[in-house]
Every structure is written in C-alpha cells, then in structure tokens.
Amino acid sequence: MAVIVAVVAGVLAGWLAPGFGKSVGELGTLFVNLIKMMISPVIFCTIVLGIGSVRAAARIGKVGGLAIGYFLLMSTAALAIGLVVGNLLHPGSGLDVAGHAGETAKYVKDAHSAGGTWDFVKDIVPTTLVSGLTSGKVLQTLFIALLVGFAIQAMGTAGEPLLRGVALIQKLVFRVLTMILWLAPIGAFGAIANVVARTGLDAVKQLALLMVAFYLTCVVFVFGVLGALLRAAAGVSIFKLVRFLAREYLLIVATSSSESALPRLIAKMEHLGVERPTVGVVVPTGYSFNLDGTAIYLTMATLFVADAMGQPLSWSEQLSLLVFMIVASKGAAGVTGAGLATLAGGIQSHRPDLLDGVGLIVGIDRFMSEARAVTNFSGNAVATVLIGTWTKTIDPLRVQAVLDRRIPFDETTMVDDHPATPAPSATPEKSLIPA
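Predicted model, so just to flag it, every value in this text is computed and none were measured. (Residues numbered from 1 in each chain as written. Predicted model: local features only at pLDDT ≥ 70, side-chain atom pairs only at ≥ 80, totals over all residues. Heavy atoms only, no water.)

## Details of the overall build of the protein
Defined as follows: Helix and strand definitions here come from DSSP, where helices need a minimum of 4 consecutive H or I residues and strands a minimum of 2 consecutive E residues; each element is numbered from the N-terminal end. By definition in these notes, contact holds between two residues if any of their heavy atoms fall within 4.5 Å. Residue-level accessible areas treat just the shown protein chains as cover; the underlying method is Shrake-Rupley with a 1.4 Å probe.
Looking only at helices and strands, one finds 21 helices and zero strands in the protein. Partitioning the contacts of the protein with sequence separation of at least 6, the portion at a separation of at least 24 is 84%. Total accessible area on the protein is roughly 18500 Å²; 68% of this is exposed by carbon and sulfur atoms.

As structure tokens, then:
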C-alpha cells in the first residue's frame, strides 16, 4: 500500500513540480542499487546450497541445458510476435523525425561498449574467484557459485559444515534484503517523479499508439502464450501465479527494473515448491538469456522506426532482422538501459540509414521499459515452473497449496527451512500456516 501511495505521489510531484521531480530522481537509483547489492549473495547462496546438497551432478546439467534451449525458443517466439503486431498496426506511419535526429549517439555508444556476442560469453569468466561476487554481473556470480557448489558436492560429508555455514549466511542475506525493502516507497516515489518530470505527457500522447500496442502485445504474450503453455505443461493457472507474484510486479513497475525483484523471485519460487538447484540455475540464467519483453520491443520498435522514416522493411529484410535480433537480444543484459541501447546498436549494424529514427522513442522508452521488465520477469517465473515440471524437480501438491494461499509466504525471513515439503491434502488448512 505504501508503494502504491508513493507511485501516485511521484506522478503528481513530477507533473506539478518538474524541478522537484528531477531532483529526487536519485532516490530511485539509490534504491535499485541497494537491491542490486544483494543479488550476488542471494544467487551465490541459493546455488551453492542447491548443488551442494544434490549428489547427482548430471541433474544440474540437464536443468541448465533444458533451460537454455527453452530460452532460445521463447525469445525467438517473442521476436516473431513483435514482427506480426508491428506489421498489423504500422504505428510509426506519418510521424516527423526531423526534430529527433542525433539523439541516438549515446545509445549506440552504450551498445558498442558491451562488445559483441563473443565478448559477452568471455565476460562470464571473472578475473578472480572473489571478483565474480563483487562485479555485480549475474552470470559471473552464477559461474563462481556453480564451481563452489560442485566442489562441495565432490567433498561429500566433509563439505556438510560448509553447507550449514552457507545456509546461515543465506538467512542473514535475506534478513538484510527485508530491511532494504522497507525503503521501497521512497525509491518508487523518486523513480516515478523523475520519469514524469523529464518526459511530461506530450511524448506519451504523441506516441500513444506504439505504447498501447506494445503493452497489449506483452499482455497477450504473458496470458496467452505463456499462460497456455503453463496450463498445458504444468497444469498451473497463469492468473494464480501472477497473483502470487503481485508484490514483485508492483516493485518492478515502481522502479522500472526487473532486477529489483530478482532476489524475491528466487525466494518465492523455492517457497512455491521448485527445488533449490533448479531455481538457482534457471532464474539467474533467465535474467540474461530469457528477455521476452525486450525481444518483443526490439522488433516492434525497429518496425516503428522504419515506418516513421518512410522506409518500411520488406519481408526478406524482416526475416533477416529476426535472425539478427535473436543473437543481439542475448547480449542485452550486458548493456545499461538494455532495450534502447540494444535497439540502437542493432539498427546501426543492420540498417544504419534508419539510425536517426531511434531518437523518436527516447521520450517514451522509460514508460515502455515498465512493460519490458514485467514481461521479462513473467517469462522467467513461468520458465522456472515449466523446467521444474519437465525435470521433475517441483512438488505439484505444494504448488497448488501455495497458489491457493494455504501456505503463505513469510515476508519477514523470505527463507523456507523445508521448501520442498509437500502439503498433505488431509491436513486441516490451519495447520499448514506456520506459527
């Protein structure tokens, strides 16, 4: 409730007092940085505990391989959906781009600073064992955690004291995270006030069709494509899953960053009944490779720019763009302001004559990033449940009990001591609620 009030207050502050709205923008940045500070320790503890307690190493490889294959298929599907909607609506037709030329140089520079796909892969290996935990890069943390987890696994009983120590550290980490989350209303107020103050309502009105089309496409993808897949493969309702993750969605919308909800997604997926090794591998990997919302945005925005420049793409060019963006979207996680920077870099590599048109959507990119982040987050939550189902590392009884609100999530600790314990159907409802 406090975050909702803060968001409304932020919109009013940015609209009525733009100078003040811009001045409090750093509050949003500070809050997101506090959350990012906790991501590496959360991922490290989760993966080490998960892998260290599993005796069959092949199981982890099966989960990882299945996850990468699924991410590739779904991000390709998202790119294709973006192309279809862009061709149906043509939202960029008739716009004047002359006043926006030259605004894209910064985003092209950001995209090139991240390097190509091979640079992205090489960057997974950190300089030192410790730097992987302090760099703030999710894949480096994942790499180090996998090595440590497999090492403890190989130690057998001698590694059990280490596991108990990591378990205590995990509880401490989540306690600190709970304290930080009390600052969410302040961060939400600063972030929203800054966005409204800087963009105003003119850009939103001018480019409303693109925004509405993008939001509706994301809704159809989440509740139509992902929802149908989730129901068919796991027998789980997408509506109940979205309700279960409602607080995380609010946090993402308030901060415009899906990373702000990453630690909570890990905790909630474990609480839902997905085994810790599966959660530990799928969620961090998905944050780098399963960017469904960003994929939809890349193709829709490219078609929008081409139409606005009066140079619509032919079908052959669109298919070529689709193949190009499949690769480009995988490196988006390595770019600050990933969506717009990756779009600018991709257009420069694929159709440099369209580059000036990217400046058209700079004004509304922050508003579109809300839908990108929420869709990315939804895709990773659904992927965790699906891969858990396919690898038989999920407890279906517990999933239903949690989604039916019979086993509430503990907001004070965010850690389940026995996350995989099934909920007996014969047990009275009251006894399922921890004291």
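Anyway, onward from the coordinates.
## Points about the layout of surface pockets
Operational definition: Grid spacing is 1 Å over the protein atoms alone, the probe is 1.4 Å, and a cavity is where that probe fits but cannot get out, while a pocket is an open set with protein on both sides within 12 Å along at least five of seven lines and lining residues have an atom within 4 Å of a point. Grid points are joined across faces, edges and corners, and a volume is the space filled by probe spheres set on the points. Each residue is assigned to one class: nonpolar for Ala, Val, Leu, Ile, Met, Phe, Trp, Tyr, Cys and Pro, charged for Asp, Glu, Lys and Arg, and polar for all the others, Gly among them.
Within this model, the second largest pocket holds a volume of roughly 530 Å³. Around the second largest pocket sit 14 residues that line it, and V3, L181, A184, R247 and R264 are the ones nearest its centre. Elements that contribute at least two residues to the lining of the second largest pocket include exactly α1 (2-16), α9 (160-181), α10 (184-199) and α14 (246-255). Broken down by element, the lining of the second largest pocket gets its largest block of residues, three residues, from α14. When grouped by side-chain class, the residues that make up the lining of the second largest pocket number nine nonpolar, two polar and three charged.

## Observations regarding the nonpolar core
Our working definition: Buried residues of nine kinds, namely Ala, Val, Leu, Ile, Met, Phe, Trp, Tyr and Cys, make up a nonpolar core once their side-chain atoms join them within 4.5 Å. When accessible area is computed with a 1.4 Å probe and restricted to protein chains, residues below 20% of their type maximum are described as buried, those above 50% as exposed, and intermediate ones as partly exposed.
Within the largest apolar cluster, 121 residues are counted, with the highest numbers of intra-cluster contacts made by L241, L245, M269, L272, Y297 and L343. Looking at this core element by element, the count peaks at 12 residues for helix α3 (residues 25-52). Setting aside residues up to four positions removed in sequence, L272 forms contacts with L241, F244, V385, R398, V399, V402 and L403.

## Let's talk about a nonpolar patch on the surface
Put simply, the test is: Excluding any residue in a salt bridge, patches collect residues exceeding 30% relative accessible area, merging like charges within 9 Å and nonpolar Val, Leu, Ile, Met, Phe, Trp and Tyr side chains within 5 Å. A carboxyl oxygen of Asp or Glu within 4 Å of a side-chain nitrogen of Lys or Arg is what we treat as a salt bridge.
A cluster of nonpolar residues, M1, I4, V8, L12, W15 and L16, forms a patch on the protein surface that exposes about 690 Å² of accessible area. In this fold, V8 is placed in helix α1.

## A word on the confidence of the model for the protein
Put simply, the rule is: Along the chain, pLDDT gives the predictor's confidence residue by residue, from 0 to 100.
Per-chain confidence: the protein averages 79 in pLDDT, with 80% of residues scoring 70 or above. Summarising per-element confidence for the protein, the mean pLDDT is lowest in helix α5 (residues 105-113) (52) and highest in helix α13 (residues 238-244) (96). This stretch, residues 98-102, has a pLDDT under 50; its non-local contacts, to residues over four places away or in other chains, come to six contacts. Below a pLDDT of 50 lies the segment residues 418-435, which in the model reaches 21 contacts outside its immediate sequence neighbourhood of four places, other chains included.

## Overview of the packing of aromatic side chains
Inclusion rule: Each Phe, Tyr or Trp ring, with Trp reduced to its six-membered ring, pairs with another whose centre is within 6.5 Å; inter-plane angles below 30 degrees give stacked pairs, above 60 give edge-to-face pairs, and intermediate values give tilted ones. When the NZ atom of lysine or the CZ atom of arginine is within 6 Å of a ring's centre and also within 35 degrees of its normal, the charge is said to sit over that ring.
The tally for this structure, following the rule as stated, stands at six aromatic pairs. An aromatic cluster of at least three residues, connected via ring pairs, comprises Y70, F71 and W390. Across from the ring centre of F409, 5.3 Å away, lies the NZ or CZ of K268, which sits over that ring. Taking the ring centre of Y297 as reference, the NZ or CZ of R372 above it sits at 4.2 Å.

## Description of α1
Here is the rule: For a helix, the expected span equals 1.5 Å multiplied by the residue count minus one. What the arc describes is the spread of directions from the helix axis to the C-beta atoms.
Spanning 15 residues, α1 covers 21 Å between terminal C-alpha atoms, matching the ideal 21 Å at 1.5 Å per step. Within α1, the full set of buried residues consists of V3, A6, V7, G10, A13 and G14. The buried side chains of α1 occupy one side of the element, clustering within an arc of 130 degrees when seen end-on. Facing away from the buried side of α1 by more than 90 degrees, the exposed set consists of V5, W15 and L16.

## Here we look at helix α20 (residues 365-390)
With 26 residues, α20 ought to run about 38 Å at 1.5 Å a step, and its terminal C-alpha atoms sit 36 Å apart, in line with that. Burial analysis of α20 places 22 of its 26 residues in the buried class, which makes it a mostly covered element. Downstream of α20 by one or two residues, K392 has phi in the positive range, about 60 degrees.

## Observations regarding empty space enclosed by the protein
Tallied over the entire structure, the rule returns two cavities of 30 Å³ or more. What the second largest cavity holds in volume is close to 30 Å³. Taken together, I238, L241, V242, L245, Y249, S378, A381 and V382 make up the full set of residues lining the second largest cavity. At the level of secondary structure, the elements contributing two or more residues to the lining of the second largest cavity comprise α13 and α20.

## Some words on the environment of T393
Relative to the helices and strands, T393 is located in the loop between α20 and α21 (396-403). Judged by its relative accessible area of 2%, T393 falls in the buried class. Taking the C-alpha atoms as reference points, T393 and V63, 330 residues apart in sequence, are found 9.3 Å from one another.

## Description of the environment of A371
Among the structural elements, A371 can be located in helix α20. It is 9.4 Å that separates the C-alpha atoms of A371 and I252, two residues lying 119 residues apart in sequence.

## So, the side chain of R264
In this fold, R264 is placed in helix α15 (residues 262-272). A relative accessible area of 6% places R264 in the buried class. Beyond its immediate sequence surroundings of up to four residues, R264 is in contact with L181, R247, E248, L251, F409, E411 and M414.

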